[in-house]
Amino acid sequence: MLQTKDLTLHYGGSQILNGLSVEARVGEVTCVMGTNGVGKTSLLNAISGTHPISGGDVALNGISIAKRPAHQLASLGIGYVPQGRMIFPLLTVRENLETGLACLPKAERVVPDRIFELFPVLKDMEKRRGGDLSGGQQQQLAIGRALVTRPKVLLMDEPTEGIQPNIIQLIGRVIAQLRDEGEMAIVLVEQYFDFAFNLADQFYVMQRGQISFEARKSKTTRDAVQSAFSLRPKGPALPRAL
């Protein structure tokens, strides 16, 4: 289980996160929603160690991991799929995947076949450079690279952004499969309402660096979450069985 408690974060003199407390359970998708600029990406940066926190705590299975550098957090099981994918354009698909192995013990530094089972296109394009892939293919590569690290917590920032509908559905099925296997907690930052609602077990809606709404899916309604989100659904309709 991942927990943040009273988390604060600053960029220079600007406070971006204002005392956030969230919880992500193993075997569930925890969805963080909100409009642009409310601090969703900053929350993931704080959890992943890519930006230092100002106060509060981050704990993994009850043990504080706050203020550790990103490479240590990756070794502890924090996997991150950043917004914009951030793949290496001049490296091949396999080389991009292999960059995720650095945080593992030497004996485990092998790209598992399962990555190619989840995303067959990566096997087909294994020797192509990352920069030659389409946006949807790059997103699959970014997710595959995070999964190579064997994460206990998978952080995903806007995985549907700029992606064609059929790839969105594929990514949704992969997230659902990972959730149902019950081996990791998944934190999904997403603005595509239908995609998020179909997958999530727990909702947090952010406004101005704070949590303005939280609820378990089993104890709320679609209308209540959508009202809190205060945006009309984005993107093409997806089947509800994600």
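Here is a short report on the structure shown in this document. This structure is a prediction, so every number in the text was calculated from the model and none was measured.

Cut-offs and rules
All residue numbers refer to positions counted from 1 along the written sequence of the respective chain. Per-residue local features of the predicted model are confined to residues with pLDDT of at least 70, and side-chain atom pairs are confined, for both listing and counting, to 80 or more; whole-chain, interface and lining totals are unaffected and use all residues. To get the side-chain values, take all heavy atoms of the structure and skip hydrogens and water. We call a residue buried when its accessible area falls under 20% of the maximum for its residue type, exposed when it is over 50%, and partly exposed in between, using a 1.4 Å probe and counting protein chains only. Helix and strand definitions here come from DSSP, where helices need a minimum of 4 consecutive H or I residues and strands a minimum of 2 consecutive E residues; each element is numbered from the N-terminal end. Directions drawn from the helix axis to the C-beta atoms are what define this arc. By the convention used here, residues are in contact when the closest approach between their heavy atoms is within 4.5 Å. Aromatic pairs are defined between Phe, Tyr and Trp rings, using the six-membered ring for Trp, whenever the two ring centres lie within 6.5 Å; interplanar angles under 30 degrees are classed as stacked, those over 60 as edge-to-face, and all others as tilted. Ring-over charges, as used throughout, are those where CZ of Arg or NZ of Lys falls within 6 Å of the ring centre and within 35 degrees of the ring normal. Strands are labelled as partners when DSSP assigns at least two bridges between them. An axis is simply a line fitted to the C-alpha atoms; with a helix, the fit covers only the stretch in contact. Between two such axes, the angle follows the N-to-C directions and lies from 0 to 180 degrees. One side-chain nitrogen of Lys or Arg within 4 Å of one carboxyl oxygen of Asp or Glu is enough to make a salt bridge.

So, helix α9 (residues 222–229)
Part 1: Three or more residues of α9 are buried, namely V225, Q226, A228 and F229. Angularly, the buried residues of α9 cover 160° about the axis, an arc narrow enough to put them on a single face. With respect to the buried face of α9, the exposed residues turned more than 90 degrees away are D223 and S227.
Part 2: Lining the buried residues of α9 we find β3 (29–33), α8 (193–199), β9 (202–207) and β10 (210–216).
Part 3: Looking at the residues trailing α9, positive phi occurs at S230, about 60°.

What to know about the packing of aromatic side chains
Part 1: Scanning the entire structure with this criterion turns up 4 aromatic pairs.
Part 2: For the ring pair F193 and F229, a centre distance of 5.9 Å and an interplane angle of 20° mean the geometry is stacked. Taken together, the positions of F193 in helix α8 and F229 in helix α9 put the pair 36 residues apart, joining distant regions of the chain.
Part 3: Taken together, F193, F197, F203 and F229 form an aromatic cluster joined through their ring pairs.
Part 4: R222 extends its terminal NZ or CZ atom over the ring of F197, reaching a point 5.2 Å from the ring centre.

Observations regarding the sheet that holds β3
Part 1: Spatial strand order, β6-β7-β8-β3-β9-β10: 6 strands in an open sheet with mixed pairing. Looking along the sheet, the strands with just one partner apiece sit at the ends: β6 (78–81) and β10. This sheet shows a mean twist of 15° between the axes of neighbouring strands, independent of strand direction.
Part 2: Contacts between α9 and the sheet are confined to β3, β9 and β10, with β9 contributing the most and set at about 20° to the helix.

Some remarks on helix α1 (residues 40–48)
Part 1: With 8 of its 9 residues buried, α1 lies for the most part within the structure.
Part 2: What α1 keeps buried is the set K40, S42, L43, L44, N45, A46, I47 and S48.

A short note on unusual backbone geometry
Part 1: Residues other than glycine seldom take positive phi values, yet D6 does so here, at roughly 50°.
Part 2: Along the chain, D6 turns up in strand β1 (residues 2–11).
Part 3: Relative accessible area serves as the criterion here: at 43%, D6 is assigned to the partly exposed category.
Part 4: One non-glycine residue, R85, lies in the positive phi region at around 75°.
Part 5: Turning to its location among the elements, R85 is positioned in the loop between β6 and α3 (93–98).

Some remarks on the pattern of salt bridges
Part 1: With the rule as written, the count across this model stands at 9 salt bridges.
Part 2: Its salt-bridge partner being E126, residue K123 comes within 3.3 Å of it at the nearest N-O pair.
Part 3: The class of E126 is buried, set by a relative accessible area of 15%.

Some points on the sheet that holds strand β5 (residues 63–64)
Part 1: Taken together, the 4 strands give an open sheet; going across it, the order is β2-β1-β4-β5, and neighbouring strands pair in antiparallel fashion. With partners counted over all chains shown, the strands left at the sheet margins are β2 (14–24) and β5, one partner each.
Part 2: Inspection of the sheet shows β1 paired to strand β4 (residues 55–60) by 5 bridges, in the antiparallel sense. By the bridge assignment, T4 is partnered in β4 with V58.
Part 3: Set on the sheet, α1 makes contact with β1 and β2; between it and β1 the angle comes to about 110°.

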